[in-house]
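Report on the structure
Here's the letter readout for the chains.
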Amino acid sequence: MSGPADARRRRTRQALIRAGETLLADRPVDAIAVDDIVREAGVAKGSFFNHFSDKSALALAVATEVRLRMEQRVGAVNAGVGDPEERLVRGVCAFIQYARNHPAEARAMLRSQDRPAPPDHPLNAGLRADLEAGLASGQFRAPGLEPAILMVSGVCQILLSSVLDGPRCVLQDQQLASGTLTLLLIGLGLPTDRAVRRAQDAAEDLIREVAAT
């Protein structure tokens, strides 16, 4: 049974993660000192090493927390959507939507990791399921599930970086997402006309929604 000490420990850990997220939104982990983190979190320096072995471990925790929030958004936009093609492009666009609405969080996540999560990581469970369904139905074609996961993850990370790179209008992000996702779907074996339609529909529906919020 958890008690006051456990609750205190959880609060301290969350304070450190929030501090890391705030600092990583502005600069890379190598430019952040442990002293900066504990000062931002309002905890003693020794508390940091009670929870994390080093700054890289904290950065990983930050990336995981933000990615979980993004995955919740993906789940929301794909609720009731069963088609693997549609789920895939809507999922990527949901990441872009989240980044436009929460740029500091998205920057912190990107600065917390130098590569996407491995294909078998639990955070990729939804993507894995969608790709497995598409491959099983013959809608997608790929030399294997892992290469397909890596390709989608890499495209998503590059799109997020591009969206966050500078001031961009909604139309520019729609066009960038639509064109990139078209190429992604063609790479997964879809006919060009269907790939274009799927990518355009997802980009217009989800990225336009950002402008209205």
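Here the structure is shown first, and the text comes after it.
The structure contained in this document is the topic of the report that follows.

What about empty space enclosed by the protein?
Applying the stated criterion across every chain, the model contains one cavity of 30 Å³ or more. Computed from the structure, the largest cavity encloses a volume of approximately 50 Å³. Lining the largest cavity, in full, are Gly20, Leu24, Val29, Ile32, Ile37, Lys55, Leu58 and Ala59. Broken down by secondary-structure element, the contributors of at least two residues to the lining of the largest cavity are helix H1 (4-24) and helix H4 (55-77). If one sorts the elements of the lining of the largest cavity by residue count, H4 sits on top with three residues. Classifying every residue of the lining of the largest cavity gives six nonpolar, one polar and one charged.

So, the side chain of Gln97
Inspection of the secondary structure assignment puts Gln97 in helix H5 (residues 84-101). Assessed through its relative accessible area of 2%, Gln97 is described here as buried. Polar side-chain contacts of Gln97 include one of 2.6 Å to the side chain of Arg73.

A look at the layout of surface pockets
Approximately 390 Å³ is the volume found for the largest pocket. Together, 25 residues line the largest pocket, and Arg67, Glu71, Phe95, Leu127 and Cys156 are the ones closest to its centre. Going through the elements one at a time, H4, H5, helix H6 (103-112), helix H7 (125-137) and helix H8 (145-164) are the ones with two or more residues in the lining of the largest pocket. Broken down by class, the residue content of the lining of the largest pocket amounts to 13 nonpolar, eight polar and four charged.

Focus on the packing of H1 against H4
Orientation of H1 relative to H4, taken along the N-to-C sense of each, is 85°, at an axis distance of 9 Å. One finds that H1 runs roughly perpendicular with respect to H4. For the pair formed by H1 and H4, the contact residues are Arg13, Gln14, Leu16, Ile17, Gly20, Glu21 and Leu24 on the first element and Leu58, Ala59, Ala61, Val62, Glu65, Val66 and Arg69 on the second. The residue inventory of the contact of H1 with H4, partitioned by class, reads eight nonpolar, two polar and four charged.

Concerning the pattern of salt bridges
Per the stated rule, a full pass over the model turns up 13 salt bridges. With a closest N to O distance of 2.8 Å, Asp36 and Arg39 form a salt bridge. Of this pair, Asp36 and Arg39 both sit in helix H2 (residues 34-41), three residues apart, roughly one helical turn. Residue class for Arg39 comes out exposed when judged on its relative accessible area of 59%. It is possible to trace a salt-bridge network through shared partners that takes in Asp83, Glu85, Glu86, Arg194 and Arg198.

What to know about the packing of H1 against H2
At a closest axis distance of 8 Å, the pairing of H1 and H2 adopts a crossing angle of 115°. Where H1 crosses over H2, the two elements pack in a sense that is right-handed. Contacts between H1 and H2 involve Ala15, Leu16, Ala19, Thr22 and Leu23 on the former and, on the latter, Asp36, Ile37, Val38, Glu40 and Ala41. Split into classes, the residues belonging to the contact of H1 with H2 amount to seven nonpolar, one polar and two charged.

About the thresholds
Residues numbered from 1 in each chain as written. Predicted model: local features only at pLDDT ≥ 70, side-chain atom pairs only at ≥ 80, totals over all residues. Heavy atoms only, no water. 1 Å grid on protein atoms, 1.4 Å probe; cavity = no way out; pocket = protein on both sides within 12 Å on 5 of 7 lines; lining within 4 Å. Points joined across faces, edges and corners; volume = space filled by probe spheres on them. Helix = DSSP H or I, 4+ residues; strand = E, 2+ residues; numbered from the N terminus. Nonpolar A, V, L, I, M, F, W, Y, C, P; charged D, E, K, R; others polar. Buried < 20%, exposed > 50% of the residue type's maximum accessible area, 1.4 Å probe, protein only. Polar contact = N/O pair within 3.5 Å; in protein donor to acceptor, adjacent residues only side chain to side chain. Axes fitted to C-alpha atoms, helices over the stretch in contact; angles between N-to-C directions. Parallel < 35°, antiparallel > 145°, perpendicular 65-115°, else oblique. Contact = heavy atoms within 4.5 Å. Salt bridge = Lys/Arg side-chain N within 4 Å of Asp/Glu carboxyl O. Left-handed = near helix turned anticlockwise from the far one by under 90°.

These figures capture arrangement, not role.
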